[in-house]
Amino acid sequence: MPKWISRIANFIRCLHVCKQPKKQYKVNFSINESFIKFVSVLSYNIKPPKQQESQLANNQRSQLYEAKILLPAEPVKPKKQYKVNFSINESFIKFVSVLSYNIKPPKQQESQLANNPWSQLYQAKILLRAEPNLLFRKTEYLILYSFLAAKINRQITGVIHTTGECGTGKTTTIQRVIDSLKTNILFKNRFKFVKVAGLRLIDAHKAFSVIWKHLTTQTVSSDKAQTLLNDYFSGAKVREISTILLIDDVDFLSRSKPEVISNILNWSNQCRSKVIVITTSNHMDWLEQVVTGPVPILNEIKKLLFKPYTSNQLENIILDRLNGNFAFDPNAIQLAAKNGKGNAKAALGLCYMAIKLVNSTYPGIMQITRFHIAEVTHLIQIKQFKNLTKFKNVSPEDITYALDKYND
């Protein structure tokens with residue numbers, strides 16, 4: 001069949017189809033602003049049927065074809081589209097402020113907001129309360145480790161008294177040494193560790209009950225526990241393993257009843273008891289003032305002094321605790337370290353309380369500045385900061401003590 005006959009047949013078929021279209025749209029328009037809007041809608045939102053795309057492409061006289069050439073290529077549509085009609089006015093600004101500052105994300109989305117600047121305060125609050133790393137206390141660590149390792153290895157008694165101002169890393173260093181001994185194959189099964197927190201005991205006599213419960217898991221009265229412990233460490237029976245007894249903040253226990261501490265120190269006189277006593281206090285001359293009675297000579301009690309941190313060391317401690325978090329301005333960290341005056345707990349407590357201050361008073365602040373640290377310092381000095389959360393064992397009075405030393 002000749003080609004011109006097939007072309008005529010195809011043209012007749014097209015005329016037949018065009019006579020009965022399913023839907024017809026007639027649009028009268030002129031080239032003006034309305035036409036441009038109409039063309040943009042057609043170009044982005046309305047797609048022609050696939051069978052008519054080739055006809056539209058070949059119809060070079062069509063104005064839609066010319067507009068399609070002039071307009072940019074069709075953009076890739078996102079998975080979800082939201083259309084919002086708004087105008088930039090006072091209501092819009094309030095709307096944005098509400099979305100930015102007042103709406104809190106669900107707990108399950110907190111991990112997704114880790115890289116957002118405003119969530120850095122939330123992360124910093126967690127990091128400040130995390131387990132601290134042992135910094136600038138390597139010498140004290142080695143002295144404690146060698147002392148305890150020698151006593152355990154030789155199976156003898158001993159007393160070591162650690163002293164230093166509050167927040168100088170005494171308890172943390174001791175705990176790191178105990179953890180190292182527990183992981184050492186040579187020592188982990190050769191001692192028991194008992195800790196008595198002096199700040200948590202209202203009555204000093206309760207220390208005997210705490211010690212006896214750790215050793216035997218039995219709960220008895222303070223008087224009975226004292227009798228049992230005196231027999232336990234009397235030396236009548238050789239103990240199989242050593243007992244490391246930590247009396248933390250011993251000066252608080254000895255204020256009302258110093259005989260309790262004297263009784264505990266007397267256990268180290270019994271060679272077969274294998275008890276090693278570690279005491280911590282914030283006062284330098286506590287041991288000479290309190291210790292009385294038949295206790296070891298003071299020269300035989302080993303003393304270990306923890307000096308206050310310097311301002312540069314406190315800055316490094318804060319930065320190490322934040323672990324790359326940029327919620328604090330460098331000037332704010334510098335002021336917190338300076339106001340801490342050698343006390344790591346006070347410096348970290350100032351940072352933590354500054355976050356609480358911003359969350360309660362300045363919602364929307366993204367970063368802690370020097371101004372917030374100064375305001376927290378002022379509130380503590382006038383004792384108007386008790387309504388905010390404490391930083392672990394640090395109370396406003398403890399920070400006031402450090403700030404008073406700084407002012408002196």
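Residues numbered from 1 in each chain as written. Predicted model: local features only at pLDDT ≥ 70, side-chain atom pairs only at ≥ 80, totals over all residues. Heavy atoms only, no water.

As recorded by an unreviewed UniProt entry, the chain carries the name Origin recognition complex subunit 1 and is attributed to Aphis glycines. Per UniProt, the comment on the chain under Subcellular location (unreviewed entry) is "Nucleus". The record in UniProt for the chain states the following under Subunit (unreviewed entry): "ORC is composed of six subunits." (UniProt positions renumbered as here; feature names shortened; annotations may be inferred.)

Undergrad: Explain the packing of aromatic side chains to me, please; I cannot follow it from the model alone.
TA: For any pair of aromatic rings, geometry is given as the distance between the ring centres together with the angle between the planes. For the coordinates displayed, the defined rule picks out six aromatic pairs. Their ring planes at 90° and their centres at 6.1 Å tell us that W212 and Y232 sit as a pair that is edge-to-face. Of this pair, W212 sits in helix α9 (residues 206-216) while Y232 sits in helix α10 (residues 222-232), and the two are 20 residues apart along the sequence. Taking the relative accessible area as the measure of exposure, W212 reaches 9% and is therefore buried. Overall, Y232 belongs to the buried group, its relative accessible area being 18%. Ring pairing ties together the aromatic residues F208, W212, Y232, F233 and W267, which thus form one cluster. (Phe/Tyr/Trp six-rings, centres within 6.5 Å; stacked < 30°, edge-to-face > 60°. Helix = DSSP H or I, 4+ residues; strand = E, 2+ residues; numbered from the N terminus. Buried < 20%, exposed > 50% of the residue type's maximum accessible area, 1.4 Å probe, protein only.)

Undergrad: What am I meant to see in α9 here?
TA: Note on helix geometry: an α-helix contains 3.6 residues per turn, so any two residues three or four positions apart are oriented the same way. Residues of α9 that are buried: A207, F208, S209, I211, W212 and L215. Phi for T217, located one or two positions after α9, is positive at around 60°.

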